[in-house]
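Structural features, examined
Chain by chain, the residues:
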Amino acid sequence: MPTSPIQTKPIGAMRWICPKISRPRAGSGGGSETVNPDEPITLTISTFNDFGYTDALLQQYMDENPNVTIVHNIAATSNDARANYFQKLGKTGLADIEAIERVPLEERITRWDFALNLIDGCRIDPSRPALLATRLGEVDGELHSWTFAELELRAVQVANFLRAQGIGPHDAVAVVSPTVPGLFAAMIGTMLAARPFPINWMLEAASLRDLMRECQVKAVIALGPTEGFSIWERVQEAVAQWPQSLPVYTLHDPFAEPHPNDLLSSAQGQLGVLNFDRPVAQRHDVACYVHSGGTTGHPKIVRILHGGMVFRQWAANQGLAFRPSDVVLSDTPLFHIGGLLVRGLVSTADGHTSVIPSMHGARDKTFIANYWRYIEKFGVTQISGVPTTLS
């Protein structure tokens with residue numbers, strides 16, 4: 001943080017900054033954080049074109065917040081941005097880059113196991129809320145909460161359960177579910193024991209089956225029968241003609257009862273510490289699989305390495321100044337790389353509280369209508385989105 005009374009923060013990297021008032025903050029144990037609401041703040045916005053941030057819109061915000069000054073930098077096209085970069089590079093040379101590279105990355109990052117980073121994140125403050133879920137965008141409705149201690153326990157139990165079912169460290173486990181608290185335990189637990197493969201839950205049965213076969217999954221974790229979703233029916237159709245019996249475990253709406261073969265219930269009798277030998281993952285070990293969107297044909301499966309996930313966490317912490325007290329909106333599906341890393345598991349590894357507004361995420365119109373109320377109520381410190389979401 002600058003020592004000057006003027007705070008200048010880039011939000012081109014999609015970090016939301018605004019003056020705070022004295023209020024209880026999620027995960028603060030009921031305490032409050034008091035900041036002078038009249039303190040001068042400068043917001044620097046860097047965009048391609050105006051990206052919806054018109055001068056009138058920015059002026060309206062400054063009129064409503066007299067202590068805020070907005071500086072808007074516009075790069076007309078990506079080519080202009082590239083030209084500006086090389087022009088700056090020509091003026092400053094490589095001194096800053098060379099200074100960074102004097103310390104090898106291997107000395108900056110000494111462990112490349114992202115699954116262990118997730119467990120470390122749960123231990124920063126075990127009593128702090130890890131997950132806060134509301135029902136279908138109802139900001140003032142019922143709240144479902146897990147602490148980091150609860151998340152770690154359930155994730156480790158899932159890992160032990162999967163190993164007890166014969167799932168090995170190199171096996172893929174398909175995960176077909178919208179964002180519910182149990183999904184975080186399933187993803188972390190599977191990454192400890194095997195290799196999770198989150199799949200777009202909106203795909204048809206034939207596409208689900210093709211991806212599962214291509215990745216040779218050994219088990220499936222899917223949202224059970226739930227109103228408003230046809231995931232369960234499509235997963236059942238996808239595995240119906242599987243050459244051998246494929247175990248399918250269920251997740252559920254946090255505001256509903258578990259389904260038969262519920263993953264968390266099945267794992268509940270397992271120990272809260274890993275009961276199998278697990279070597280520390282190395283930089284080039286596979287952590288999980290994802291798939292492309294299929295815009296050029298059939299979706300393609302991509303291996304995500306522990307090294308890439310750990311580097312993303314490290315680079316984000318260096319460049320965006322994340323801190324364990326952050327609160328994030330988890331409104332992007334975890335089968336999407338942005339949801340998986342940017343607003344998903346990296347947040348957990350950093351000890352951030354994740355707010356799950358709806359199983360439908362940003363597709364939920366009630367949530368979008370209440371978007372800024374979520375920011376205020378839960379003390380959200382990080383958001384990312386497009387003008388249609390933020391307006």
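Let us look at the structure shown here. (Residues numbered from 1 in each chain as written. Predicted model: local features only at pLDDT ≥ 70, side-chain atom pairs only at ≥ 80, totals over all residues. Heavy atoms only, no water.)

**Side note on the overall build of the chain**
- Helix and strand content of the chain: 15 helices and 15 strands.
- Taking all 391 residues of the chain together, the buried fraction comes to 49%.
- Pairs at least 24 residues apart make up 72% of the contacts formed inside the chain by residues separated by at least 6 positions.
- Total accessible area computed for the chain in this model is approximately 18700 Å², and 54% of it derives from carbon and sulfur atoms. (Helix = DSSP H or I, 4+ residues; strand = E, 2+ residues; numbered from the N terminus. Buried < 20%, exposed > 50% of the residue type's maximum accessible area, 1.4 Å probe, protein only. Contact = heavy atoms within 4.5 Å. Areas by Shrake-Rupley, 256 points an atom, 1.4 Å probe, with all protein chains shown as cover.)

**Concerning empty space enclosed by the protein**
- Counted under the stated rule, the structure contains four cavities of 30 Å³ or more.
- Together, 13 residues line the largest cavity, and Thr 134, Asp 253, Pro 254, Phe 255 and Met 359 are the ones closest to its centre.
- Looking at the lining of the largest cavity, its residues break down into eight nonpolar, three polar and two charged. (1 Å grid on protein atoms, 1.4 Å probe; cavity = no way out; pocket = protein on both sides within 12 Å on 5 of 7 lines; lining within 4 Å. Points joined across faces, edges and corners; volume = space filled by probe spheres on them. Nonpolar A, V, L, I, M, F, W, Y, C, P; charged D, E, K, R; others polar.)

**So, the sheet that holds strand S7 (residues 143-147)**
- Strand order across the open sheet formed by four strands is S7-S6-S15-S14, with mixed pairing between neighbours. One side of each edge strand has no neighbouring strand; the edge strands of this open sheet are S7 and strand S14 (327-329). The mean inter-strand angle of the sheet, taken between neighbouring strand axes irrespective of direction, is 20°.
- Where S14 lies against strand S15 (residues 353-356), three bridges are found, and the strand directions are parallel. The residue of S15 that forms the bridge with Val 327 is Thr 353.
- Lying over the sheet, helix H14 (residues 371-378) contacts strand S6 (129-134), S7, S14 and S15, oriented at roughly 160° with respect to S14. (Pairing = 2+ DSSP bridges. Axes fitted to C-alpha atoms, helices over the stretch in contact; angles between N-to-C directions.)

**Describing helix H5 (residues 114-122)**
- Taken across its nine residues, H5 has seven buried, putting it largely inside the fold.
- The set of residues buried in H5 consists of Phe 114, Ala 115, Asn 117, Leu 118, Ile 119, Gly 121 and Cys 122.
- Buried residues in H5 make contact with helix H6 (148-164), helix H7 (181-193), helix H11 (306-320) and helix H12 (337-349).
- Two to three positions downstream of the cap, the backbone nitrogen of Ala 115 sits 3.1 Å from a side-chain oxygen, assigning the N-cap of H5 to Asp 113. (Polar contact = N/O pair within 3.5 Å; in protein donor to acceptor, adjacent residues only side chain to side chain.)

**Digging into the pairing of strand S9 (residues 195-198)**
- Here S9 shows two buried faces, one formed by Arg 195 and Phe 197 and the other by Pro 196 and Pro 198.
- For the handedness criterion, the β-α-β arrangement of strand S8 (residues 172-176), H7 and S9 is classed as right-handed. (Right-handed = clockwise from strand over helix to strand, strands pointing away.)

**Comments concerning the side chain of Arg 195**
- Within the secondary structure layout, Arg 195 lies in strand S9.
- Of the side chains with opposite charge, Asp 285 lies nearest to the buried Arg 195, which makes no salt bridge, at 6.2 Å.
- Polar side-chain contacts of Arg 195 include one of 3.0 Å to the side chain of Tyr 289. (Lys, Arg positive; Asp, Glu negative; His and termini not counted. Salt bridge = Lys/Arg side-chain N within 4 Å of Asp/Glu carboxyl O.)

**Digging into the environment of Val 327**
- Note that Val 327 resides in strand S14.
- Distance in space between the C-alpha atoms of Val 327 and Pro 129 is 9.7 Å, their sequence separation being 198 residues.

**Quick look at the nonpolar core**
- If you look at the biggest cluster of nonpolar residues, it comprises 82 residues, and the most contacted ones within it are Val 176, Met 212, Val 217, Val 220 and Leu 345.
- Among the elements that line this core, the one with the most residues is H7, at nine residues.
- Beyond its immediate stretch of four places on either side in the chain, Leu 345 contacts Phe 114, Leu 118, Phe 184, Met 187, Ile 188, Met 191, Leu 334, Gly 339 and Leu 340.
- Among the nonpolar cores identified, the runner-up in size contains twelve residues, and Val 327, Leu 329, Tyr 374 and Val 380 belong to it. (Core = buried A, V, L, I, M, F, W, Y, C linked by side-chain atoms within 4.5 Å.)

**Points about the packing of H7 against H12**
- At a minimum axis separation of 11 Å, H7 and H12 run at an interaxial angle of 75°. Here H12 runs roughly perpendicular to H7, going by the angle between their axes. Across the interface between the two elements, Phe 184, Met 187, Ile 188 and Met 191 of H7 pack against Leu 340, Gly 344, Leu 345 and Thr 348 of H12.
- When grouped by side-chain class, the residues that make up the contact of H7 with H12 number six nonpolar, two polar and no charged. (Parallel < 35°, antiparallel > 145°, perpendicular 65-115°, else oblique.)

**Some points on the pairing of strand S10 (residues 217-223)**
- For S10, a buried count of six out of seven residues is recorded, marking the element as mostly surrounded by other parts of the structure.
- Pairing analysis gives five bridges linking S8 to S10, with the strands arranged parallel. By the bridge assignment for S10, Val 173 is matched with Ala 219.
- Two elements, S10 and strand S11 (residues 248-251), share four bridges in a ladder whose sense is parallel. What sits directly across from Leu 223, in S11, is Leu 251.
- Note that the unit made of S10, helix H9 (residues 231-239) and S11 has a crossover that is right-handed.

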